[in-house]
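Descriptive analysis of the structure
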Number of protein chains: 4
Amino acid sequence: MIVRKLLFFLFLFFVLQGVDAQSRKVINLPDISGYITLKCDFHIHTVFSDGTVWPTIRVQEAWEEGLDAIAITDHIEYRPHSKDIVADHNRSYEIAEPLSKQLDILLVRGAEITRAMPPGHLNALFINNANFLEREDVNDAIKEARDQGAFILWNHPGWKAQQPDTTLWWDEHSALLKSDMLHGIEVYNHSSYYPEALDWANEKKLTVFANSDVHAPMLTKEDEHRPMTLVFAKSRTLGGIKEALFKRRTAVYFGNTLMGQSSVLEPLFFGSLDFKKAALKLTNKENKVVNIKNNSDVDYELELVQPGVGFDAPETITLKAHHVTPLALSGNSEEINDAQNIDVYYRVKNMFTDSTENILVTFSFRNN
Amino acid sequence: MIVRKLLFFLFLFFVLQGVDAQSRKVINLPDISGYITLKCDFHIHTVFSDGTVWPTIRVQEAWEEGLDAIAITDHIEYRPHSKDIVADHNRSYEIAEPLSKQLDILLVRGAEITRAMPPGHLNALFINNANFLEREDVNDAIKEARDQGAFILWNHPGWKAQQPDTTLWWDEHSALLKSDMLHGIEVYNHSSYYPEALDWANEKKLTVFANSDVHAPMLTKEDEHRPMTLVFAKSRTLGGIKEALFKRRTAVYFGNTLMGQSSVLEPLFFGSLDFKKAALKLTNKENKVVNIKNNSDVDYELELVQPGVGFDAPETITLKAHHVTPLALSGNSEEINDAQNIDVYYRVKNMFTDSTENILVTFSFRNN
Amino acid sequence: MIVRKLLFFLFLFFVLQGVDAQSRKVINLPDISGYITLKCDFHIHTVFSDGTVWPTIRVQEAWEEGLDAIAITDHIEYRPHSKDIVADHNRSYEIAEPLSKQLDILLVRGAEITRAMPPGHLNALFINNANFLEREDVNDAIKEARDQGAFILWNHPGWKAQQPDTTLWWDEHSALLKSDMLHGIEVYNHSSYYPEALDWANEKKLTVFANSDVHAPMLTKEDEHRPMTLVFAKSRTLGGIKEALFKRRTAVYFGNTLMGQSSVLEPLFFGSLDFKKAALKLTNKENKVVNIKNNSDVDYELELVQPGVGFDAPETITLKAHHVTPLALSGNSEEINDAQNIDVYYRVKNMFTDSTENILVTFSFRNN
Amino acid sequence: MIVRKLLFFLFLFFVLQGVDAQSRKVINLPDISGYITLKCDFHIHTVFSDGTVWPTIRVQEAWEEGLDAIAITDHIEYRPHSKDIVADHNRSYEIAEPLSKQLDILLVRGAEITRAMPPGHLNALFINNANFLEREDVNDAIKEARDQGAFILWNHPGWKAQQPDTTLWWDEHSALLKSDMLHGIEVYNHSSYYPEALDWANEKKLTVFANSDVHAPMLTKEDEHRPMTLVFAKSRTLGGIKEALFKRRTAVYFGNTLMGQSSVLEPLFFGSLDFKKAALKLTNKENKVVNIKNNSDVDYELELVQPGVGFDAPETITLKAHHVTPLALSGNSEEINDAQNIDVYYRVKNMFTDSTENILVTFSFRNN
């Protein structure tokens, strides 16, 4: 048979082409006390709904970009390629799974319940069988997901195509929340940020997400990263992720911005930094410099919250990723000579706990 | 109907995501006397054979990268996704065609006849119906292509999977050539250069090609370009391309290298450059500088072929793309004072006419 | 003599090191009707005042970055290296001049009169002898500059070290203006923008400037440019620049922003673009695309000013530098079918005529 | 006094401009057993000889680029700026020293003895007083350096200006070596590599160096590094460096290449890598993947030295900097099933011990 003779050559060819991307990027963000920081994208499409790439490519992209986990979430109700692609709703997961195992990417089985607003589009994660989500009534579909044990999140809640004039929370979402059929919300989708979603998450105890919602090939530039959900998990397993999602231990990471609860943002911040903790011995009219090394990929942008007592500190300072930045303190009164401790208070302008608030951090040094 | 209600919203969403790439790069290479320089890629796969992207993506990629024409050339004999994708051999072309018209990308109907060596893999371009190329006997398939008026080229002739130890020209290729069933050859495929192919092309009057043979998403970096075949055509039409291919008016372009006949490389070189043609008036012990502006994307690397008569010129010089580079000449004997003309001879080290020869160029100036 | 024997070798060595930067970048901005667009930096320091590089480096940097003209403007009153560097105020110009002639960089003789506020720091350009500007009384120094025929500009008028709380125009500046001793003002200095200065320039008929005020080595990245003053001159000569400065034919160019009078910004904008002027023949419910090629280095960011009559146009569009961007128009009423012309009105968000206003541009097409 | 009033403002201004480079890059290379890996450049010029920047800039550049130590080595015999700059040979060191202390850059006092060949140019490091090196006879100058306890190295030994046709070792160098007046040699200078120097270093027990010999401003791109000498020191002190130089514990680092003795290159290589040491349990016809994380800035390029016994390993593999690269091993005979250990032998193509030899490394795994 012709075809059979070719298989070996073609396999080799594919392998040789695979040589294009032989290495996996490292995303540098610290683990935080007791938890592993997993880099995840829970909203991804393939040719099996309205995406334009084969499912294995999604695993390959995730591996190259340094992610730990992805969910393929093809639309249940919208499959424009169905004239040519004849398959059930579980197929994209099944095709991606072997490669995900080989490359050690955690693959979450998911699907996107795709309806008009309300309730809009919802991702069901950790389902067992996507086919059962194909129901006429949207509530039946969501119930089915819940009954499969799914974690359910509201996607792009302020999407202009569905909420053209304003971003609204509908009664239907309150009902879902009450019935344990809504657990999370996208604060960031693709290239859009929804500040209302961050505040709703705080108010209604929802888990925050940033997802790519990618349809086309991923074209992440070498020195950039896709929007992602950081998951603080007890273990690098599917179970570990699921537990963390239901416990709301996530953060939103897009561009140079992080969002979430201060209980995770603060350890992320300090876990990124190395600096000497020795006593400063700062006195009046003298300078001391603390060299701060930032091992993470994030440029932290600091703004002084209040003047120091007895010393000056820079009004603004950027702790550049993978660089050492000096923090220069200068004594400006005799008071500093006897100070036991020096506390310097900064606002981290690119770490948000809600739509208007940044986290505050304190650099504390012994002085004598 | 649920689905129908969604279509409008989803269409909008797709359009909004399409916003990702709103602009088309310009590839800067000059037209040459009487011909338009078209940037083409004649070897491309989709999910309809063993590629991993939907056909429209190939058109989108070509548009973004500044190409004029592509051929989608899915394998006839190798279709590993056929369990899920049920379609005939013309389908990838049909899906890509509407977008190609909208974006003004010339779309060549093609297919890859995919056999063991000899004769290996052959692309048939400008066919009418790919389905008729599915034949048990390879010669029947090639004849069918020829009878459809196809231009036929031998792909990756030194591919290690098929020619592991050496790169050979087989009797079967001589037979194809004799029967008007072989017209061109890939000198460059994906990331491999086949020097033998360049020499065969000269010897046997084959048309030279550089193609991407892309299977995965195109990940061309912003300041790079995919391997491509330059076609010097009388018009920017499918007919113009076909005529140029049969007349061998092409060049190979990969990385910073160009290959082909000097009849096209020399006008490409000088067409890239702007400099003043005024008389130099160089005299002994004086310097004159000619500022050469290179408007093309190619860094031309020059090496002096022989010393000038009565003057010194730089041993090596790089005419950097989109920069002005000074060519400094200095008189070194009284002879130069009376010279009517000054000719400076350089070898262009990144423009090849065969596997070992570069083109030679002469900068000629009046002196008095 | 040892030293003499070394000269030849060391000269060669210097030349070989000079090989580091053999090419001159091209800054792509169009000339405008009747004028050549010159790229200039009129505020530069060397080791002869408080800068840290030798004067020839300033010429070399300008040549590499594609500038046409620079002024070296060392401080008259502040020379912290004078213990080691013993020279008069004309010396930095004299050292730079031979190289500027060789590289065809127009070198303006200048100096910075450096006083407390008011009047702050003033650059005197096109002077004859900087030594005569060393005067106890600042007015004597400025008068001397004026009597030498100088063009005089106020530097960094909102510099926080001199105007910590607000940016003020002082009576002293009004007096200078009245006495023909103030002709221009820096709207942009180094990395600071002074919006008040742009409005003052309009109000008081001052010439606008953007200058680097560089002290350290220039570290412009390959895909960036230093802040510069565009001068629209009748000829590429010192006289041409001087005439243009006194006639206020300049624009401010920093980052991706241009500022100045609409009489120069509008022709800069349209001179950057290539697109077909053929009739559109747009009808209701149809789309037409105009492909706009931007040949300049500026990404023009457009925002629709008002809806079209009978057609839709994109709300926002970026005409990316050196790319082709499609402008898609779609008929939305029967009215369009009979329209003789189609006018599309955009605000160019990165071209400013004063601190709050952008220029408005109209794309006009025949329709039938 | 005018000048005094200005000082405060100008100081502030300088400080504000200094803001341009607030962060120090980190060069990622591991320490090796018992030693700290210091990044050093021992050949640097300023305006005090034929350089073109003020001495403080050299310290600033070193700090920004992540170096630990530099030597300013102005020419004794060649001072083309002496008409304007009037100072003795120690002055450039004295000017640079306060900033070096503030920024914690180790500053080595040095000078370049600059003569015709032989012996050419020699750097004297760790001298006490450069003025005493100004002697008519070159041997007197070198003796003076030695008597000050200097470490002496031969600069750019194959420099074409002094050795146009070939790279020779002269009798004069043998004499110097014998008299303890020559201890090291530049294998790499600025942008030139001298392979003979690497072999001489092995043969004659000289310490190897790579230095920038920079004259103009440093224009190192963000993702590149200057040529540097790695010093494996017992402490990050001047004394630590001096001890290491005399003990020949250095390596040459330029571009993506490292050179030196295998005793330092091998621990540099393995110290860069993280991978699991668990038993592989590879059996016939199975695959096992070892994920290797490269924490250094070097892309290590590996080439298989010999086939494995009972398994296949990749012919070539690149361990890309700051990426994870999989090493895939596949069993190819029954022999592998019982193997206690698996050793994979690679040549590191960008780590050289002499002009033709690379280091060989062995990845050793337990199998059962």
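Residues numbered from 1 in each chain as written. Chains lettered and ligands numbered in written order. Predicted model: local features only at pLDDT ≥ 70, side-chain atom pairs only at ≥ 80, totals over all residues. Heavy atoms only, no water.

1. A look at the relation of the copies chain C and chain B
For the pair chain C and chain B, the best superposition has an RMSD of 0.1 Å and corresponds to a rotation of 180° with a translation of 0.1 Å parallel to the axis. When the rotation and shift are considered jointly, the pair of chain copies conforms to a two-fold rotation axis. Among all residues of chain C, the one whose C-alpha sits closest to the rotation axis is Asp 223 of chain C, at a distance of 5.5 Å. The residues that chain C uses at the interface reappear at the interface of chain B in 100% of cases, marking a shared surface. (Least-squares fit on C-alpha atoms with pLDDT ≥ 70 in both. Contact = heavy atoms within 4.5 Å.)

2. Overview of the interface of chain C and chain B
Listed per partner, the contact involves 15 residues of chain C and 15 residues of chain B. Both faces combined, the contact of chain C with chain B buries some 1,300 Å², and carbon together with sulfur accounts for 53% of it. Connecting chain C to chain B are two salt bridges. Among the elements that line the side of chain C that touches chain B, the one with the most residues is strand β18 (residues 323-331) of chain C, at four residues. Across two bridges, strand β1 (residues 24-25) of chain B lies against β18 of chain C in antiparallel orientation. Paired with Lys 25 of chain B across the two strands is His 323 of chain C, which belongs to β18 of chain C. (Buried area = accessible area lost by both parts, 1.4 Å probe. Salt bridge = Lys/Arg side-chain N within 4 Å of Asp/Glu carboxyl O. Helix = DSSP H or I, 4+ residues; strand = E, 2+ residues; numbered from the N terminus. Pairing = 2+ DSSP bridges.)

3. Some details on the packing of aromatic side chains
Taken as a whole and judged by the stated rule, the model has 64 aromatic pairs over all chains. When the ring of Phe 48 of chain D is compared with that of Trp 54 of chain D, the centres are 5.4 Å apart and the planes differ by 50°; the resulting orientation is tilted. For the pair formed by Phe 48 of chain D and Trp 54 of chain D, the shared burial category is buried. Relative to Phe 254 of chain D, the ring of Tyr 188 of chain D lies with its centre 3.9 Å away and its plane at 15°, an arrangement referred to as stacked. Of this pair, Tyr 188 of chain D sits in strand β7 (residues 184-189) while Phe 254 of chain D is found in strand β11 (residues 250-254), placing the two residues 66 residues apart along the sequence. Taking the relative accessible area as the measure of exposure, Tyr 188 of chain D reaches 11% and is therefore buried. Lys 277 of chain A extends its terminal NZ or CZ atom over the ring of Phe 275 of chain A, reaching a point 4.6 Å from the ring centre. (Phe/Tyr/Trp six-rings, centres within 6.5 Å; stacked < 30°, edge-to-face > 60°. Buried < 20%, exposed > 50% of the residue type's maximum accessible area, 1.4 Å probe, protein only. Lys NZ or Arg CZ within 6 Å of the ring centre and 35° of its normal.)

4. Brief notes about unusual backbone geometry
Note that the residue after Met 117 of chain C, namely Pro 118 of chain C, is joined by a cis bond; omega there is -15°. Its location among the elements puts Pro 118 of chain C in the loop between β4 (106-114) and β5 (121-125). A cis amide bond links Pro 118 of chain C with the next residue in sequence, Pro 119 of chain C, at an omega value of 0°. Inspection of the secondary structure assignment puts Pro 119 of chain C in the loop between β4 and β5. Phi is positive for Asp 213 of chain D, close to 50°, though the residue is something other than glycine. Topologically, Asp 213 of chain D is positioned in the loop between β9 (207-211) and β10 (228-233).

5. Regarding the domain arrangement of chain A
Many analyses report the size of an interface as the accessible area lost when the parts associate. All names here are of chain A. Under the domain assignment used here, chain A contains domain 1 (24-255) and domain 2 (272-366). Look at where the C-alpha atoms of domain 1 and domain 2 centre, and you get two points 37 Å apart. The interface is formed by eleven residues belonging to domain 1 together with ten residues belonging to domain 2. Taken together, both faces of the contact between domain 1 and domain 2 bury some 700 Å²; the carbon and sulfur share is 50%. When the area that domain 1 buries against domain 2 is broken down by residue, the three leading residues are Asn 28, Leu 198 and Asp 199, summing to 48%. The interface formed by domain 1 and domain 2 contains zero salt bridges. Here domain 1 is connected to domain 2 by three residue pairs in polar contact (both at pLDDT 80 or more). Of all the elements, helix α6 (residues 195-204) adds the most residues to the side of domain 1 that touches domain 2, at four residues. Residues belonging to the side of domain 1 that touches domain 2 are distributed by class as follows: eight nonpolar, two polar and one charged. (Domains from an automatic or database assignment. Polar contact = N/O pair within 3.5 Å; in protein donor to acceptor, adjacent residues only side chain to side chain. Nonpolar A, V, L, I, M, F, W, Y, C, P; charged D, E, K, R; others polar.)

6. Observations concerning the pattern of salt bridges
Two side chains with opposite charge may pair up if their charged atoms get near one another. Residues and elements named next belong to chain B. Per the counting criterion, the structure on display carries 76 salt bridges over all chains. A salt bridge links Arg 226 to Glu 65; the shortest N-O distance between them is 2.8 Å. With Arg 226 in the loop between β9 (207-211) and β10 (228-233) and Glu 65 in helix α2 (residues 55-65), this residue pair connects regions lying 161 residues apart in the sequence. With a relative accessible area of 3%, Arg 226 lands in the buried category.

7. Focus: the side chain of His 183 of chain B
All names here are of chain B. Residue position: His 183 is located in the loop between α5 (171-178) and β7 (184-189). A polar side-chain atom of His 183 sits 2.9 Å from a polar atom in the side chain of Asp 180. The contact partners of His 183, leaving out residues within four places of it in the chain, are Ala 150, Phe 151, Ile 152, Leu 206, Thr 207 and Phe 246.

8. Some thoughts on a nonpolar patch on the surface
A cluster of nonpolar side chains, namely Val 305, Tyr 345 and Leu 360 of chain A, defines an oily patch on the protein surface of about 240 Å² accessible area. For Val 305 of chain A, the location among the structural elements is in the loop between β15 (300-304) and β16 (311-312). (Patch = residues over 30% accessible without salt bridge, like charges linked within 9 Å, V, L, I, M, F, W, Y side chains within 5 Å. Areas by Shrake-Rupley, 256 points an atom, 1.4 Å probe, with all protein chains shown as cover.)

9. Overview of the environment of Val 108 of chain B
Residues and elements named next belong to chain B. Its place among the elements puts Val 108 in strand β4 (residues 106-114). Judged by its relative accessible area of 1%, Val 108 falls in the buried class. Expressed as a C-alpha distance, the spacing of Val 108 and Leu 238, which sit 130 residues apart in the sequence, is 7.1 Å. Discounting residues that sit within four places of it in the chain, Val 108 has contacts with Phe 42, Ile 70, Ala 71, Ile 72, Tyr 93, Leu 125, Phe 126 and Leu 238.

10. As for the packing of α2 of chain B against helix α3 (residues 91-103) of chain B
Residues and elements named next belong to chain B. Two numbers describe how α2 lies on α3: the axes approach to 7 Å, and their chain directions differ by 30°. It follows that α2 is roughly parallel to α3 by the angle criterion. α3 is crossed by α2, and the crossing has right-handed handedness. Mapping the contact onto sequence places Pro 55, Thr 56, Val 59, Gln 60 and Trp 63 in α2 and Ser 92, Ile 95, Ala 96, Leu 99, Ser 100 and Leu 103 in α3. The class makeup of the residues in the contact of α2 with α3 is seven nonpolar, four polar and no charged. (Axes fitted to C-alpha atoms, helices over the stretch in contact; angles between N-to-C directions. Parallel < 35°, antiparallel > 145°, perpendicular 65-115°, else oblique. Left-handed = near helix turned anticlockwise from the far one by under 90°.)

11. Focus on the confidence of the model for chain A
Model confidence for chain A is summarised by a mean pLDDT of 93, while 94% of its residues fall at 70 or above. Confidence drops under pLDDT 50 across residues 1-20 of chain A; counting only partners more than four residues distant or on other chains, this segment forms 30 contacts. (pLDDT = per-residue confidence, 0-100.)

12. Some remarks on the arrangement of the chains
These two, chain A and chain C, are apart from each other, with no contact and a minimum C-alpha gap of 14 Å. The two partners chain B and chain D share no contact, and the minimum distance between any of their C-alpha atoms is 14 Å.

13. A look at the pairing of β11 of chain D
Residues and elements named next belong to chain D. Counting buried positions over the five residues of β11 gives five, a clear majority of the element. Neither face of β11 is left uncovered, since the one carrying Thr 250, Val 252 and Phe 254 and the one carrying Ala 251 and Tyr 253 both have all their residues buried. In the sheet, β10 pairs with β11 via four bridges, with the strands oriented antiparallel. Its bridge partner being in β11, Thr 229 is matched across the sheet by Val 252. Of the pairings in the sheet, the one linking β11 to strand β12 (residues 257-259) comprises three bridges and is antiparallel in character. In the strand pairing of β12, Val 252 is matched with Met 259. The hairpin turn running from β11 into β12, its antiparallel successor, is two residues long, and Gly 255 in that turn takes a positive phi close to 50°.

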